[in-house]
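Analysis of the macromolecular model
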Amino acid sequence: MKNIIHYIHLYPKRARGILGISYDQFISLMDLAKLTDQEQKAQLEKGKFRVNAPGGGRKPKLTIEEEICLTLFYLRQMPTFEILGLQFGISKTEANDTFHYWLKILRNVLPSSMLEQLENQEGDYAIVQELLQDFELIVDSFEQSIERPGDNDEQKRYYSGKKKYHSFKNQVVSMPKAKDIVDVIVGKPGPTSDISLFRGQQEKFDSGQKFQGDKAYIGGDNMTTPKKKPRNKELTDEQKEANKKLSSKRIFVEHIIRIIKVFRIASERFRLHKDTYEKVILTICGLVRLRINSLVLPNL
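Described in the following lines is the structure provided in the data block. All values derive from a computational prediction rather than experimental measurement.

1. Overview of the side chain of Gln155
- As for its position among the elements, Gln155 is in helix α9 (residues 152-158).
- A distance of 2.9 Å separates a polar atom in the side chain of Gln155 from a polar atom in the side chain of His166.
- In this structure, Gln155 is in contact with Arg148, Pro149 and His166, ignoring residues within four places of it in sequence.

Laid out in C-alpha coordinates, this is it:
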(Lines give C-alpha, C1' and ligand atoms only; values in the text may rest on other atoms or scores of the structure.)
Protein backbone atom coordinates (compact mmCIF):
# COMPACT_ATOMS: atom_id res chain seq x y z
CA MET A 1 0.00 0.00 0.00
CA LYS A 2 1.11 3.58 -0.64
CA ASN A 3 2.53 5.62 2.24
CA ILE A 4 -0.21 8.23 2.68
CA ILE A 5 1.92 10.96 4.23
CA HIS A 6 4.52 10.68 1.45
CA TYR A 7 1.74 10.71 -1.15
CA ILE A 8 0.26 13.91 0.32
CA HIS A 9 3.65 15.62 0.34
CA LEU A 10 4.14 14.54 -3.27
CA TYR A 11 0.63 15.58 -4.40
CA PRO A 12 -0.47 18.34 -1.96
CA LYS A 13 -3.57 19.24 -3.98
CA ARG A 14 -5.02 15.80 -3.20
CA ALA A 15 -4.83 16.30 0.59
CA ARG A 16 -8.34 17.77 0.71
CA GLY A 17 -9.89 14.64 -0.80
CA ILE A 18 -7.86 12.29 1.39
CA LEU A 19 -7.90 14.10 4.75
CA GLY A 20 -10.81 16.53 4.36
CA ILE A 21 -8.67 19.67 4.68
CA SER A 22 -6.12 21.31 2.39
CA TYR A 23 -2.40 20.61 2.53
CA ASP A 24 -1.59 24.00 4.09
CA GLN A 25 -4.34 23.52 6.68
CA PHE A 26 -2.96 20.06 7.48
CA ILE A 27 0.54 21.47 8.04
CA SER A 28 -0.77 24.28 10.29
CA LEU A 29 -2.95 21.85 12.26
CA MET A 30 -0.07 19.39 12.63
CA ASP A 31 2.25 22.09 14.02
CA LEU A 32 -0.38 23.20 16.55
CA ALA A 33 -1.19 19.61 17.58
CA LYS A 34 2.52 18.84 18.03
CA LEU A 35 2.97 21.87 20.26
CA THR A 36 -0.10 20.96 22.34
CA ASP A 37 1.20 17.40 22.70
CA GLN A 38 4.60 18.67 23.87
CA GLU A 39 3.00 20.99 26.42
CA GLN A 40 0.81 18.20 27.81
CA LYS A 41 3.76 15.81 28.10
CA ALA A 42 5.90 18.50 29.79
CA GLN A 43 3.12 19.08 32.32
CA LEU A 44 2.88 15.35 33.06
CA GLU A 45 6.66 15.10 33.34
CA LYS A 46 6.69 17.62 36.19
CA GLY A 47 4.74 15.28 38.42
CA LYS A 48 6.80 12.16 37.66
CA PHE A 49 9.61 10.63 39.69
CA ARG A 50 11.97 9.02 37.16
CA VAL A 51 14.58 6.30 37.63
CA ASN A 52 15.45 6.23 33.92
CA ALA A 53 16.09 9.22 31.69
CA PRO A 54 13.16 10.36 29.50
CA GLY A 55 13.11 8.98 25.97
CA GLY A 56 13.87 5.38 26.91
CA GLY A 57 11.87 2.32 25.94
CA ARG A 58 10.65 1.09 22.57
CA LYS A 59 10.56 3.74 19.88
CA PRO A 60 7.22 4.38 18.15
CA LYS A 61 6.85 2.99 14.63
CA LEU A 62 5.19 6.16 13.31
CA THR A 63 6.34 9.74 13.40
CA ILE A 64 4.03 12.34 14.97
CA GLU A 65 3.23 13.58 11.47
CA GLU A 66 2.12 10.09 10.44
CA GLU A 67 0.06 9.64 13.62
CA ILE A 68 -1.87 12.88 13.01
CA CYS A 69 -2.32 11.90 9.36
CA LEU A 70 -3.69 8.51 10.50
CA THR A 71 -6.26 10.24 12.74
CA LEU A 72 -7.47 12.59 10.00
CA PHE A 73 -7.51 9.76 7.45
CA TYR A 74 -9.78 7.71 9.73
CA LEU A 75 -12.19 10.62 10.28
CA ARG A 76 -12.38 11.28 6.53
CA GLN A 77 -12.44 7.72 5.16
CA MET A 78 -13.49 5.54 8.15
CA PRO A 79 -11.81 2.24 7.27
CA THR A 80 -11.73 -0.56 9.83
CA PHE A 81 -8.85 -0.28 12.30
CA GLU A 82 -7.35 -3.42 10.78
CA ILE A 83 -7.21 -1.79 7.33
CA LEU A 84 -6.02 1.47 8.92
CA GLY A 85 -3.17 -0.43 10.61
CA LEU A 86 -2.22 -2.14 7.35
CA GLN A 87 -2.21 1.23 5.57
CA PHE A 88 0.24 2.68 8.10
CA GLY A 89 2.25 -0.46 8.84
CA ILE A 90 1.11 -1.03 12.44
CA SER A 91 -1.28 -3.36 14.26
CA LYS A 92 -4.99 -2.61 14.53
CA THR A 93 -4.57 -2.11 18.30
CA GLU A 94 -1.85 0.49 17.74
CA ALA A 95 -4.01 2.15 15.09
CA ASN A 96 -6.94 2.32 17.53
CA ASP A 97 -4.80 3.70 20.37
CA THR A 98 -3.12 6.25 18.09
CA PHE A 99 -6.46 7.49 16.77
CA HIS A 100 -7.98 7.99 20.22
CA TYR A 101 -4.84 9.67 21.56
CA TRP A 102 -4.71 12.32 18.82
CA LEU A 103 -8.49 12.72 18.69
CA LYS A 104 -8.36 14.24 22.19
CA ILE A 105 -5.68 16.70 21.12
CA LEU A 106 -7.48 17.69 17.91
CA ARG A 107 -10.65 18.24 19.92
CA ASN A 108 -8.75 20.62 22.21
CA VAL A 109 -7.23 22.70 19.41
CA LEU A 110 -10.28 22.83 17.11
CA PRO A 111 -13.24 24.71 18.65
CA SER A 112 -16.41 23.33 17.13
CA SER A 113 -18.26 26.64 16.91
CA MET A 114 -17.93 30.39 17.23
CA LEU A 115 -19.58 30.37 20.67
CA GLU A 116 -17.35 27.57 21.95
CA GLN A 117 -14.28 29.45 20.77
CA LEU A 118 -15.29 32.45 22.89
CA GLU A 119 -16.92 30.73 25.89
CA ASN A 120 -13.95 31.42 28.21
CA GLN A 121 -13.77 35.08 27.14
CA GLU A 122 -16.80 36.64 28.81
CA GLY A 123 -16.35 40.12 27.35
CA ASP A 124 -15.88 38.90 23.79
CA TYR A 125 -18.73 36.37 24.19
CA ALA A 126 -21.17 39.14 25.16
CA ILE A 127 -20.00 41.34 22.27
CA VAL A 128 -20.47 38.51 19.76
CA GLN A 129 -23.97 37.78 21.12
CA GLU A 130 -24.85 41.42 20.48
CA LEU A 131 -23.27 41.49 17.01
CA LEU A 132 -25.11 38.32 15.99
CA GLN A 133 -28.41 40.16 16.33
CA ASP A 134 -27.59 41.91 13.05
CA PHE A 135 -28.06 38.54 11.33
CA GLU A 136 -30.87 36.03 11.00
CA LEU A 137 -29.13 32.78 11.92
CA ILE A 138 -30.07 29.52 10.21
CA VAL A 139 -30.96 26.36 12.13
CA ASP A 140 -31.26 22.77 10.96
CA SER A 141 -30.72 19.26 12.30
CA PHE A 142 -29.54 15.93 10.95
CA GLU A 143 -29.56 12.36 12.22
CA GLN A 144 -26.89 9.67 12.09
CA SER A 145 -27.57 5.97 12.47
CA ILE A 146 -25.94 4.02 15.30
CA GLU A 147 -25.71 0.36 16.27
CA ARG A 148 -28.84 -0.94 17.99
CA PRO A 149 -28.33 -0.56 21.77
CA GLY A 150 -28.29 -3.83 23.68
CA ASP A 151 -30.44 -2.52 26.51
CA ASN A 152 -34.16 -2.57 25.68
CA ASP A 153 -34.91 0.80 27.27
CA GLU A 154 -31.94 2.38 25.50
CA GLN A 155 -32.99 1.05 22.11
CA LYS A 156 -36.48 2.52 22.58
CA ARG A 157 -34.97 5.84 23.58
CA TYR A 158 -32.81 6.09 20.45
CA TYR A 159 -35.17 4.59 17.87
CA SER A 160 -36.22 7.24 15.36
CA GLY A 161 -39.65 6.45 13.96
CA LYS A 162 -39.08 8.96 11.18
CA LYS A 163 -35.83 7.36 9.98
CA LYS A 164 -36.72 3.77 10.97
CA TYR A 165 -33.39 3.20 12.69
CA HIS A 166 -31.60 4.00 15.95
CA SER A 167 -29.89 7.35 15.71
CA PHE A 168 -28.23 10.35 17.28
CA LYS A 169 -29.61 13.78 16.40
CA ASN A 170 -27.42 16.84 15.93
CA GLN A 171 -28.40 20.47 15.41
CA VAL A 172 -26.38 23.21 13.71
CA VAL A 173 -26.80 26.98 13.90
CA SER A 174 -24.93 28.72 11.09
CA MET A 175 -24.23 32.23 9.87
CA PRO A 176 -25.94 33.37 6.65
CA LYS A 177 -24.17 32.13 3.51
CA ALA A 178 -22.46 29.38 5.55
CA LYS A 179 -19.69 31.69 6.74
CA ASP A 180 -19.30 29.92 10.10
CA ILE A 181 -20.81 27.43 12.55
CA VAL A 182 -22.23 29.59 15.35
CA ASP A 183 -23.28 26.74 17.66
CA VAL A 184 -23.86 23.00 17.53
CA ILE A 185 -25.66 20.42 19.67
CA VAL A 186 -24.49 16.82 19.32
CA GLY A 187 -25.59 13.32 20.28
CA LYS A 188 -29.21 13.74 21.38
CA PRO A 189 -31.59 10.75 21.01
CA GLY A 190 -33.02 10.46 17.49
CA PRO A 191 -36.71 10.88 18.45
CA THR A 192 -36.03 14.30 20.06
CA SER A 193 -38.01 16.93 18.14
CA ASP A 194 -36.18 19.72 16.33
CA ILE A 195 -38.17 22.41 18.13
CA SER A 196 -37.25 20.96 21.54
CA LEU A 197 -33.56 21.02 20.62
CA PHE A 198 -33.91 24.59 19.39
CA ARG A 199 -35.60 25.85 22.55
CA GLY A 200 -32.75 24.50 24.65
CA GLN A 201 -30.10 25.89 22.31
CA GLN A 202 -31.81 29.28 22.08
CA GLU A 203 -30.84 30.02 25.71
CA LYS A 204 -27.24 30.61 24.56
CA PHE A 205 -28.32 33.61 22.50
CA ASP A 206 -29.71 37.05 23.24
CA SER A 207 -33.49 37.06 23.72
CA GLY A 208 -33.88 39.21 20.59
CA GLN A 209 -31.83 36.95 18.29
CA LYS A 210 -33.69 36.00 15.09
CA PHE A 211 -33.52 32.61 13.36
CA GLN A 212 -34.63 30.86 10.18
CA GLY A 213 -35.73 27.23 10.08
CA ASP A 214 -37.84 24.71 8.19
CA LYS A 215 -41.36 23.58 9.08
CA ALA A 216 -40.07 21.50 12.00
CA TYR A 217 -39.38 24.78 13.84
CA ILE A 218 -42.86 26.27 13.51
CA GLY A 219 -43.81 27.76 16.87
CA GLY A 220 -40.29 28.74 17.90
CA ASP A 221 -39.73 32.23 19.29
CA ASN A 222 -38.13 34.72 16.87
CA MET A 223 -38.20 31.99 14.21
CA THR A 224 -39.01 32.56 10.54
CA THR A 225 -40.39 29.40 8.93
CA PRO A 226 -42.09 28.51 5.61
CA LYS A 227 -45.84 28.89 5.29
CA LYS A 228 -47.55 25.55 5.86
CA LYS A 229 -50.20 24.48 3.38
CA PRO A 230 -53.68 24.60 5.02
CA ARG A 231 -55.68 21.39 5.07
CA ASN A 232 -57.65 20.90 1.86
CA LYS A 233 -56.36 24.23 0.51
CA GLU A 234 -53.43 25.52 -1.53
CA LEU A 235 -50.87 28.18 -0.81
CA THR A 236 -51.24 31.44 -2.69
CA ASP A 237 -48.67 32.42 -5.31
CA GLU A 238 -47.32 35.07 -2.90
CA GLN A 239 -46.88 32.47 -0.14
CA LYS A 240 -45.14 30.08 -2.52
CA GLU A 241 -42.77 32.82 -3.62
CA ALA A 242 -42.04 33.75 0.02
CA ASN A 243 -41.29 30.09 0.80
CA LYS A 244 -38.97 29.90 -2.20
CA LYS A 245 -37.03 33.00 -1.08
CA LEU A 246 -36.71 31.64 2.46
CA SER A 247 -35.49 28.30 1.12
CA SER A 248 -32.81 30.04 -0.96
CA LYS A 249 -31.47 31.67 2.21
CA ARG A 250 -31.84 28.61 4.44
CA ILE A 251 -30.01 26.30 2.01
CA PHE A 252 -26.66 27.49 3.37
CA VAL A 253 -27.03 25.53 6.60
CA GLU A 254 -27.52 22.48 4.38
CA HIS A 255 -24.14 23.26 2.82
CA ILE A 256 -22.56 23.17 6.30
CA ILE A 257 -24.20 19.82 7.06
CA ARG A 258 -23.07 18.49 3.66
CA ILE A 259 -19.45 19.41 4.47
CA ILE A 260 -19.75 17.75 7.89
CA LYS A 261 -20.87 14.60 6.10
CA VAL A 262 -17.84 14.75 3.78
CA PHE A 263 -16.13 13.11 6.76
CA ARG A 264 -17.54 9.61 6.46
CA ILE A 265 -17.47 9.00 10.20
CA ALA A 266 -20.26 11.62 10.43
CA SER A 267 -22.39 10.21 7.62
CA GLU A 268 -22.24 6.40 7.81
CA ARG A 269 -23.40 4.25 10.70
CA PHE A 270 -21.33 5.19 13.74
CA ARG A 271 -19.22 2.17 14.70
CA LEU A 272 -17.24 3.48 17.67
CA HIS A 273 -18.43 3.43 21.28
CA LYS A 274 -21.29 5.88 21.76
CA ASP A 275 -19.38 7.67 24.55
CA THR A 276 -16.94 8.98 21.91
CA TYR A 277 -19.66 10.31 19.61
CA GLU A 278 -19.77 13.87 20.95
CA LYS A 279 -15.97 14.19 20.86
CA VAL A 280 -15.80 12.89 17.27
CA ILE A 281 -18.57 15.07 15.81
CA LEU A 282 -17.40 18.23 17.59
CA THR A 283 -13.90 17.57 16.23
CA ILE A 284 -15.41 17.22 12.75
CA CYS A 285 -17.18 20.57 13.19
CA GLY A 286 -13.81 22.11 14.10
CA LEU A 287 -12.28 20.61 10.95
CA VAL A 288 -15.18 21.98 8.88
CA ARG A 289 -14.57 25.47 10.29
CA LEU A 290 -10.91 25.08 9.37
CA ARG A 291 -11.85 23.84 5.89
CA ILE A 292 -14.13 26.82 5.14
CA ASN A 293 -11.55 29.26 6.60
CA SER A 294 -13.78 30.53 9.42
CA LEU A 295 -11.27 29.11 11.94
CA VAL A 296 -7.77 30.51 11.59
CA LEU A 297 -5.03 28.63 13.45
CA PRO A 298 -2.27 30.68 15.10
CA ASN A 299 1.06 30.97 13.28
CA LEU A 300 3.74 29.13 15.25
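2. Side note on the environment of Ser174
- Position of Ser174 among the secondary structure elements: in strand β3 (residues 165-174).
- Considering only alpha carbons, one finds Ser174 and Val184, ten residues apart in sequence, at a separation of 8.7 Å.
- When neighbours within four sequence positions are excluded, Ser174 is seen to be in contact with Leu137, Ile138, Asp180, Val182, Val253 and Ile256.

3. Things to note about the packing of aromatic side chains
- Considering all chains together, one arrives at twelve aromatic pairs under this definition.
- Centre to centre, the rings of Phe198 and Tyr217 are 6.0 Å apart; their planes meet at 80 degrees, and the pair counts as edge-to-face. Here Tyr217 lies in the loop between β5 (210-212) and β6 (223-224) and Phe198 lies in helix α10 (residues 194-201), a separation of 19 residues in the sequence. Accessibility assignment for this pair places Phe198 and Tyr217 in one class, buried.
- Across the ring face of Tyr11, the terminal group of Arg14 is positioned such that the distance to the ring centre comes to 4.4 Å.

Calculation notes
Residues numbered from 1 in each chain as written. Predicted model: local features only at pLDDT ≥ 70, side-chain atom pairs only at ≥ 80, totals over all residues. Heavy atoms only, no water. Helix = DSSP H or I, 4+ residues; strand = E, 2+ residues; numbered from the N terminus. Polar contact = N/O pair within 3.5 Å; in protein donor to acceptor, adjacent residues only side chain to side chain. Contact = heavy atoms within 4.5 Å. Phe/Tyr/Trp six-rings, centres within 6.5 Å; stacked < 30°, edge-to-face > 60°. Buried < 20%, exposed > 50% of the residue type's maximum accessible area, 1.4 Å probe, protein only. Lys NZ or Arg CZ within 6 Å of the ring centre and 35° of its normal.

It is worth stressing that arrangement in space is one thing and function is another; only the former is reported here.
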